[in-house]
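# What the coordinates show
Read off the chains here:
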Amino acid sequence: MRQTQNGRYRRSSSSISGQRTSEKVICSGAIRKLKIESFESILRYFGIEGNDVGKMKYPHGICSTASDDIVVADTWGNRIQIFDVNGRVKGVFGSEGNADGQFDGVAGVCATSRGRIVASDNNRVQIFDEQGKFVRKFGSCGKGNGEMNLPRGVTTDDKGLIYVCDKSNDRVQVFSENGKFVRKIGSESLKSPNYLSVTSDGRVVVGDSGNHTIRVFDSYSGRHLFQFGTGGRNESQFKRPRGIATDDHGNIIVCDEGNHRVQIFTSFGEFVTCFGSFGSDPGEMGFPEGVCVLSDGGIAVSDCSNHRVQIF
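So, a few notes on the structure that sits alongside this text. This structure is a prediction, so every number in the text was calculated from the model and none was measured.

Reading the values: rules and limits
- Note on numbering: residues in each chain are counted from 1, in written sequence order.
- With pLDDT at 70 or above as the cut-off, local features in this predicted model cover only qualifying residues; side-chain atom pairs require 80 or more to be listed or tallied, and sums for whole chains, interfaces and linings still use all residues.
- Only hydrogens and water are set aside; all other atoms, that is, all heavy atoms of the structure, feed into the side-chain values.
- The rule is simple: put a 1 Å grid over the protein atoms alone, call a set of points where a 1.4 Å probe fits but cannot get out a cavity, call an open set with protein on both sides within 12 Å along at least five of seven lines a pocket, and count a residue as lining if it has an atom within 4 Å of a point.
- Grid points are joined across faces, edges and corners, and a volume is the space filled by probe spheres set on the points.
- Each residue gets one label: Ala, Val, Leu, Ile, Met, Phe, Trp, Tyr, Cys and Pro are nonpolar, Asp, Glu, Lys and Arg are charged, and the others, such as Gly, are polar.
- Working definition: helices are DSSP H or I runs of at least four residues, strands are E runs of at least two. Numbering for both runs from the N terminus.
- To sort residues, take the accessible area from a 1.4 Å probe on protein chains only and compare it with the maximum for the residue type: under 20% means buried, over 50% means exposed, and anything in between is partly exposed.
- When DSSP locates at least two bridges between a pair of strands, those strands are taken to pair.
- Pairing of aromatic rings covers Phe, Tyr and the six-membered ring of Trp, with a centre-to-centre limit of 6.5 Å; geometry is then stacked below 30 degrees between planes, edge-to-face above 60, and tilted otherwise.
- Lysine NZ or arginine CZ positioned within 6 Å of the ring centre and within 35 degrees of the ring normal marks a charge as sitting over the ring.
- Geometry is summarised by axes, namely lines fitted to C-alpha atoms with helices restricted to the contacting stretch, and by angles between N-to-C directions that run from 0 to 180 degrees.
- To form a nonpolar core, buried Ala, Val, Leu, Ile, Met, Phe, Trp, Tyr and Cys residues must be joined to one another through side-chain atoms within 4.5 Å.
- In what follows, a contact means two residues having at least one pair of non-hydrogen atoms within 4.5 Å.

A complete count under the given rule lists 1 cavity of 30 Å³ or more for this structure. Within this model, the largest cavity holds a volume of roughly 40 Å³. Around the largest cavity, the lining residues are Asp 157, Asp 158, Lys 159, Val 198, Thr 199, Ser 200, Gly 202, Ser 219 and Tyr 220. A class-by-class count of the residues in the lining of the largest cavity yields 2 nonpolar, 4 polar and 3 charged.

Written out as structure tokens, the structure reads:
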């Protein structure tokens, strides 16, 4: 998928249930405000199930760096792998365990403006430098401020704050880069939040998986601003929304995991387009888990049960 020069996504028309056109699966619906012109198929994919470098086992979180490298949480492999946009391995670090620098089910991953990599695993968050060297950790099992229960998605904002989806505590927690607790968000409304993104204008977009909706909060006050989506299979409906990404134009990209597709919305939650259906062919997906936007507007998706990353 690409954006036009004015930043608008493009696709071709199809039925709402999704259909195959050439070698892609797309779905569509009513388009509001954004003019959709055409849709480009999958550009490339990389990864296959396995333990060797470059292979993956149920990848979850994914992010891009300032140099457009793609960082993948290789969850069942208990490691982080770094690829260029063509799928060539540039770095690997981590192993199974609970010591510093090891992982027990690494899930969320993000890159900071300083080039550090933040990852969540067994009731903690770990921070690594650009070479994958352990820097620090914070968090422990519990329900108190700064404690966690199955943390998932992580992201940062332009002030260097780290946001963590504290899934089984039904909240988002915010920390300084040194791991000091700052505040919590959404504890009155969220149910099993999995992933999130922070926009340039200070909004926190959260995949509220247990409620099959997307919630948007003010990052400074934690105030709930609005939500969109309900449970279901039609456009603007979700079945366990997972990965969340936002682009420079405010568009919101959502991994609709249980419906095996990605949906795109405006910054106000208005439906734009969607693509994907269940399967293992190129362009098809099996429980897509994470998503990120590349510098050229491409969208990278961690295709979890197909053990690969696809770029649209």
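All right, on to unusual backbone geometry then. Notably, Leu 150 is not glycine yet its phi reads approximately 60°, a positive angle. Structurally, Leu 150 can be placed in the loop between β11 (134-138) and β12 (151-156). By relative accessible area, which is 36% here, Leu 150 ends up partly exposed. Its identity is not glycine, yet Asp 170 carries a phi of approximately 55°, on the positive side. Structurally, Asp 170 is set in the loop between β13 (162-166) and β14 (171-175).

This brings us to the pairing of strand β24 (residues 261-265). Across the 5 residues of β24, 5 count as buried, placing the element largely inside the fold. Here β24 shows two buried faces, one formed by Arg 261, Gln 263 and Phe 265 and the other by Val 262 and Ile 264. Alignment of strand β23 (residues 252-256) against β24, held across 5 bridges, turns out to be antiparallel. In the sheet register, Cys 255 faces β24, and the bridge partner there is Val 262. Counting the residues between successive antiparallel strands, the hairpin from β23 to β24 contains 4 residues, one of them, His 260, with a positive phi of roughly 55°. Turn length for the β24-strand β25 (residues 271-275) hairpin, with the two strands adjacent in sequence and antiparallel, is 5 residues, and the turn residue Gly 269 shows positive phi of about 85°.

Applying the stated criterion across every chain yields a total of 13 aromatic pairs. Through a chain of ring-to-ring contacts, three or more aromatic side chains come together here, namely Phe 226, Phe 228, Phe 238, Phe 265 and Phe 271. Directly above the ring of Tyr 45 sits Arg 308, whose terminal nitrogen or CZ lies 5.2 Å from the centroid.

Next up on the list: the sheet that holds strand β17 (residues 203-208). Strands pair in a sheet through their backbones, by hydrogen bonds, and they do so in one of two ways: parallel or antiparallel. Strand order across the open sheet formed by 4 strands is β16-β17-β18-β19, with antiparallel pairing between neighbours. In this open sheet, the two strands that pair with only one neighbour each are β16 (193-198) and β19 (224-228). Adjacent strand axes in the sheet meet at a mean angle of 20°, parallel and antiparallel pairs treated alike. In this sheet, strand β18 (residues 213-218) lies alongside β17 in antiparallel orientation, the contact comprising 6 bridges.

Another aspect to go through is the nonpolar core. Grouped together as the largest cluster of nonpolar side chains are 14 residues, with contacts concentrated most on Ile 253, Val 262, Phe 275, Val 291, Ile 299 and Val 301. Discounting chain neighbours no more than four positions away, the residues touching Val 291 are Ile 62, Gly 243, Ile 244, Ala 245, Ile 253, Cys 255, Ile 299, Ala 300 and Val 301.

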